[in-house]
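What the coordinates show
Chain by chain, the residues:
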2 protein chains.
Amino acid sequence: MTFRTTRRGLLKSGIAAGATAASAGAALANTPDPLITELQDWASGTGDGVDATPYGLPIEYESDVIRRNVEWLTADTISSINFTPIHALDGTITPQGCAFERHHSGAIELRKDDYRLMINGLVDQPLVFSYADLERFPRENHVYFCECAANTGMEWAGAQLNGAQFTHGMIHNMEYSGVPLRTLLEEAGLDTAGDLAGKWVYVEGADASSNGRSIPMEKALDDCLVAFKANGEALRKEHGYPVRLVVPGWEGNMWVKWLRRIEVMDGPVESREETSKYTDTLADGTSRKWTWVMDAKSVITSPSPQSPITHGTGPVVISGLAWSGHGKITRVDVSRDGGMTWETARLGKQGDSKALTRFYLDTEWNGEDWLLQSRAIDETGYVQPTKAQLREVRGENSIYHNNCIQTWHLKANGEAENVEVS
Amino acid sequence: MTFRTTRRGLLKSGIAAGATAASAGAALANTPDPLITELQDWASGTGDGVDATPYGLPIEYESDVIRRNVEWLTADTISSINFTPIHALDGTITPQGCAFERHHSGAIELRKDDYRLMINGLVDQPLVFSYADLERFPRENHVYFCECAANTGMEWAGAQLNGAQFTHGMIHNMEYSGVPLRTLLEEAGLDTAGDLAGKWVYVEGADASSNGRSIPMEKALDDCLVAFKANGEALRKEHGYPVRLVVPGWEGNMWVKWLRRIEVMDGPVESREETSKYTDTLADGTSRKWTWVMDAKSVITSPSPQSPITHGTGPVVISGLAWSGHGKITRVDVSRDGGMTWETARLGKQGDSKALTRFYLDTEWNGEDWLLQSRAIDETGYVQPTKAQLREVRGENSIYHNNCIQTWHLKANGEAENVEVS
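Residues numbered from 1 in each chain as written. Chains lettered and ligands numbered in written order. Predicted model: local features only at pLDDT ≥ 70, side-chain atom pairs only at ≥ 80, totals over all residues. Heavy atoms only, no water.

1. A few points about the overall build of chain A
- When helices and strands are counted, chain A shows 8 helices and 24 strands.
- Projecting the C-alpha coordinates of chain A onto the three principal axes gives extents of approximately 80 × 60 × 40 Å.
- For chain A, long-range pairs separated by at least 24 residues make up 70% of all intrachain contacts whose partners lie at least 6 apart in sequence.
- Positive and negative side-chain charges of chain A, numbering 40 and 57 respectively, have mean locations separated by a distance of 2 Å. (Helix = DSSP H or I, 4+ residues; strand = E, 2+ residues; numbered from the N terminus. Contact = heavy atoms within 4.5 Å. Lys, Arg positive; Asp, Glu negative; His and termini not counted. Charge placed at Lys NZ, Arg CZ, Asp CG, Glu CD.)

2. Considering the UniProt feature "domain: Oxidoreductase molybdopterin-binding" (unreviewed entry) in chain A
- Per the UniProt annotation, the sites labelled "domain: Oxidoreductase molybdopterin-binding" (unreviewed entry) are residues 110–270 of chain A.
- The span residues 110–270 of chain A is 12% helical and 35% strand by assignment, and the distance between its end C-alpha atoms comes to 27 Å. (UniProt positions renumbered as here; feature names shortened; annotations may be inferred.)

3. What about helix H7 (residues 387–394) of chain B?
Residue and element names in this part refer to chain B.
- Of all the positions in H7, only Lys-387, Leu-390 and Arg-394 are classed as buried. Projected down its long axis, H7 shows its buried positions confined to an angular sector of 65 degrees, all on one face. Turned more than 90 degrees from where H7 packs its buried face, Ala-388, Glu-392 and Val-393 sit exposed.
- Those residues of H7 that are buried lie in contact with strand E14 (280–281) and strand E15 (287–288).
- Taken from the residues just after H7, Gly-395 is the one with a positive phi, measuring 70 degrees. (Buried < 20%, exposed > 50% of the residue type's maximum accessible area, 1.4 Å probe, protein only. Arc of directions from axis to C-beta.)

4. Looking at the relation of the copies chain B and chain A
- Between chain B and chain A, which share one sequence, the superposing operator has a rotation angle of 180 degrees and an axial displacement of 0.0 Å; the RMSD is 0.0 Å. Such a combination of turn and shift is consistent with a two-fold rotation axis. Relative to the rotation axis, the closest C-alpha in chain B is found at Pro-95 of chain B, a distance of 3.5 Å.
- The fraction of interface residues of chain B whose copies in chain A are also interface residues reaches 99%, indicating that both copies meet through the same surface. (Least-squares fit on C-alpha atoms with pLDDT ≥ 70 in both.)

5. Digging into the interface of chain B and chain A
- Facing the 118 residues of chain B at the interface are 117 residues of chain A.
- Together chain B and chain A conceal approximately 10,700 Å² of surface at their shared face, both sides included; 56% is due to carbon and sulfur atoms.
- Where chain B meets chain A, there are 10 salt bridges.
- The closest approach of N and O atoms between Lys-237 of chain B and Asp-48 of chain A, which form a salt bridge, is 2.4 Å.
- At the boundary of chain B with chain A, the tally comes to 45 residue pairs in polar contact (both at pLDDT 80 or more). (Buried area = accessible area lost by both parts, 1.4 Å probe. Salt bridge = Lys/Arg side-chain N within 4 Å of Asp/Glu carboxyl O. Polar contact = N/O pair within 3.5 Å; in protein donor to acceptor, adjacent residues only side chain to side chain.)

6. Details of the sheet that holds strand E20 (residues 346–347) of chain A
Residues and elements named next belong to chain A.
- Taken together, 4 strands build an open sheet; the order of strands is E16-E17-E21-E20 and the sheet is antiparallel. Where the open sheet ends on each side, the last strands, each with one partner, are strand E16 (297–302) and E20.
- Alignment of strand E17 (residues 314–323) against strand E21 (residues 357–365), held across 9 bridges, turns out to be antiparallel. Within the sheet, the bridge partner assigned to Ile-318 lies in E21 and is Leu-361. (Pairing = 2+ DSSP bridges.)

7. A short note on the side chain of Asn-402 of chain B
Residues and elements named next belong to chain B.
- Its place among the elements puts Asn-402 in the loop between H7 and strand E23 (407–410).
- Relative accessible area serves as the criterion here: at 1%, Asn-402 is assigned to the buried category.
- Polar contacts involving the side chain of Asn-402 include one to the main-chain amide nitrogen of Cys-404, which spans 3.1 Å.
- Apart from the residues lying within four places of it in its own chain, the contact partners of Asn-402 are Asn-151, Thr-152, Glu-155, Trp-156, Lys-297 and Leu-390.

8. Focus: the pairing of strand E23 (residues 407–410) of chain A
Residue and element names in this part refer to chain A.
- Of the two faces of E23, the one holding Thr-407 and His-409 and the one holding Trp-408 and Leu-410 are both buried throughout.
- In this structure, E23 lies alongside strand E24 (residues 416–418), joined through 3 bridges in antiparallel fashion. Each residue of the ladder has a partner; that of Leu-410, found in E24, is Ala-416.
- Adjacent in sequence and paired antiparallel, E23 and E24 are bridged by 5 residues, among which Gly-414 carries a positive phi angle near 90 degrees.

9. Notes on the pattern of salt bridges
Residue and element names in this part refer to chain A.
- Overall, the coordinates contain 62 salt bridges over all chains when judged by the stated rule.
- The partner of Lys-219 in a salt bridge is Asp-223, and the shortest N-O contact between them spans 3.0 Å. In this structure, Lys-219 and Asp-223 share a single accessibility class: buried.
- A single salt-bridge network, built from bridges that share partners, covers Arg-67, Glu-101, Arg-236 and Glu-238.

10. Points about the sheet that holds strand E22 (residues 370–378) of chain A
- Strand order in the open sheet made by the 5 strands is E19-E18-E22-E23-E24 (chain A), with antiparallel pairing throughout. The sheet is open, and its two borders are formed by strand E19 (343–344) and E24 of chain A, each paired with just one other strand.

11. As for the packing of aromatic side chains
- Taken as a whole, this structure holds 22 aromatic pairs over all chains when the rule is applied.
- Ring centres 5.6 Å apart and planes at 70 degrees place the aromatic pair Phe-83 of chain B and Phe-166 of chain B in the edge-to-face group. Note that Phe-83 of chain B is positioned in strand E2 (residues 81–83) and Phe-166 of chain B in helix H4 (residues 164–168), a separation of 83 residues in sequence. Take Phe-83 of chain B and Phe-166 of chain B: they sit in the same class, and that class is buried.
- Ring-pair connections join several aromatic residues into one group, and the members of that group are Trp-200, Trp-250, Trp-290 and Trp-292 of chain A.
- One Lys or Arg, Arg-375 of chain A, reaches over the ring of Trp-342 of chain A and ends 4.1 Å from the middle of that ring. (Phe/Tyr/Trp six-rings, centres within 6.5 Å; stacked < 30°, edge-to-face > 60°. Lys NZ or Arg CZ within 6 Å of the ring centre and 35° of its normal.)

12. Digging into the pairing of strand E7 (residues 171–180) of chain B
All names here are of chain B.
- Burial analysis of E7 places 10 of its 10 residues in the buried class, which makes it a mostly covered element.
- Sheet analysis places strand E6 (residues 140–147) next to E7, joined by 8 bridges and oriented antiparallel. What sits directly across from Asn-141, in E7, is Ser-177.
- Two elements, E7 and strand E10 (residues 225–230), share 5 bridges in a ladder whose sense is antiparallel. Along E10, the bridge assignment pairs Gly-178 with Ala-227.

13. Quick word on the state of the cysteines
Residues and elements named next belong to chain B.
- In this structure the tally under the stated criterion is 0 disulfides over all chains.
- In this model Cys-146 remains outside any disulfide bridge; the closest cysteine sulfur is found in Cys-148, 8.1 Å from its own.
- For Cys-146, a relative accessible area of 2% translates into the label buried.
- With no disulfide of its own, Cys-224 lies 12 Å from the sulfur of Cys-146, the closest cysteine sulfur.
- The exposure class of Cys-224 is buried, given its relative accessible area of 2%. (Disulfide = S-S within 2.5 Å.)

As structure tokens, then:
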């Protein structure tokens, strides 16, 4: 069908309103659609009962909307990564079932009854908490994004991966329920009102990798959560069941899964995960460390290589995601000409701090080539940089913290391709 | 372990701080916990790889956190109901996989390519939309609760069902993405700025039941959504894939699944679903109709019959859910003595309008009997009524719209029972 021009001008059709109205009517009256005019199977008998599966799964027709692994990125599945199908999602919440995962020594199975969390080091009284103990402390709920520091990492050297799921899918966004880390540190007798200058916590997981990371005390006492639930339900095994650390706005590697120990220390450990990995190698070969915050970033999820325009010319919704580890997203701009001109997108709803924000540009496409870009601006005034701007500071040797503007080349056939603009 | 009294007084232990600190230390030093002192299997080898399942499921240990059907409520699974495991969830979001379902003629399988939505009746131009058409209109994202009008319906006659899942589990809360119904009505040429007094829309689904319902035009133009996604991903088959109507704050039966037709009419249809069903029978045998809004309501989810206290006396978190079809929840009170005295609970986060709000009371239990109740207050000032107050107006013949205060009897052994207080 062809769209009519609405009174409110929400859709701007290139065709006169009268003519379009006539053709829409014709579509209904003159070309009978058997899906409308004939009785269909689904309307003439009963469907499936409600108790088919104890825990419900997506319909079979959505079997392509899944996490995807790639063979070339890591050596095996034990240390591998899979990607959220962000090209096929809308809104902001990521269901656990399709949320990206990264494991350093596989995903372990740990019963609640076998779970222990130790707090030791520079505290008045080392403590060990069972899972049931943790549930007795006051808890909070917050929606936060979790982004792997390596998200978009392959793109440093040029346009590599043809799909938003692969370029930007190492991210998810869930509502976490848990106890503030500050509360547990205070329980162990840390004087959080006293002089804590130079103090750190070292956090590690119960898996063989332990994935130990150092976190400055200021962040530990700010908004970190010892979380049990995501989107209301228990964490999936692969997300750290029964307990993971949530470090809002900071790189996902610090969100330690199967959290087993928190040690209060005088300084950082400089562990493997914060020296040989998760540091940023610059053009001269030296590396920057302690680059924890995920800077403001955005990506257009539709149209995109995995989500082409299939409905022909006319009204089209350009949609994507924006986020910042520094707080709220205040504006997202969209360009159709590779960054020469920009339009302000509409935010789906006012975004939470350190959480995904959905943006839309309701516009029209007449079959011309577009160089689609989006750029996020956060509450600090920071503007997402171009790849050229980022390379000027960082060179091309980095893996982590690539938050550059992404470009999709939309072609006359509606397909989109990952390209680089100079 | 025993809890220490914190400096901030978050946990109020009955034992002196020094003594408790000592016993906590002792627990760690003198009774070696093999889970702490010995190398565990999960820390000495690699776990599972990340690509085990394309769409991830909850861990096996959570296999009891599922939707549950009951045999006695309806004749068969085709017309049956299952219940959200609210006793086991935290936060506010309900994952689709464990969200309650109600079908009138089973759940049908409808491909996006076979999907059509007709708007006809008193419009300038009847229109038929394909799924791809709908995706071209400006869309919005909102979190809303969907509650079956019959939720808590069995409790009119007294305390019947022993578990929050069964008394209050016909509810879920998701982030919906969709097109405002208003936009589609305007596309069909409805003059939404003109005189629409007395006008209604009749909405029906593509399943054999059609589940037709009349909605006054004021609501249709207000906040109704023609939704494709819930919590970011496609609606599950059982939730109306590919398109359902969202009628915020109003009874779930109006949220028509597999939405196929919207007719603009001069008056309501008075269909089966709004006459012989989904009306409220009063004490004198007459019935009230058009009681669409779900009034303010709340329930304590833990402790509750399916979620007893197992950790002994001392600090305990009382937690539950509150919601109102009239807007935001502004306050929730909790009583431990069957409604004689009340304390104000802490809201997990500022609730959205017409969405679930999580509340907590961080307190202490010393093994005494409690008659636990919660009462919700919404932004209109409405206070959730007692069962006695509701019966005074409505009698005991009703099924629908029971939003009375729920009572759990917490016993010395930590178990809770559904009881009625006079």
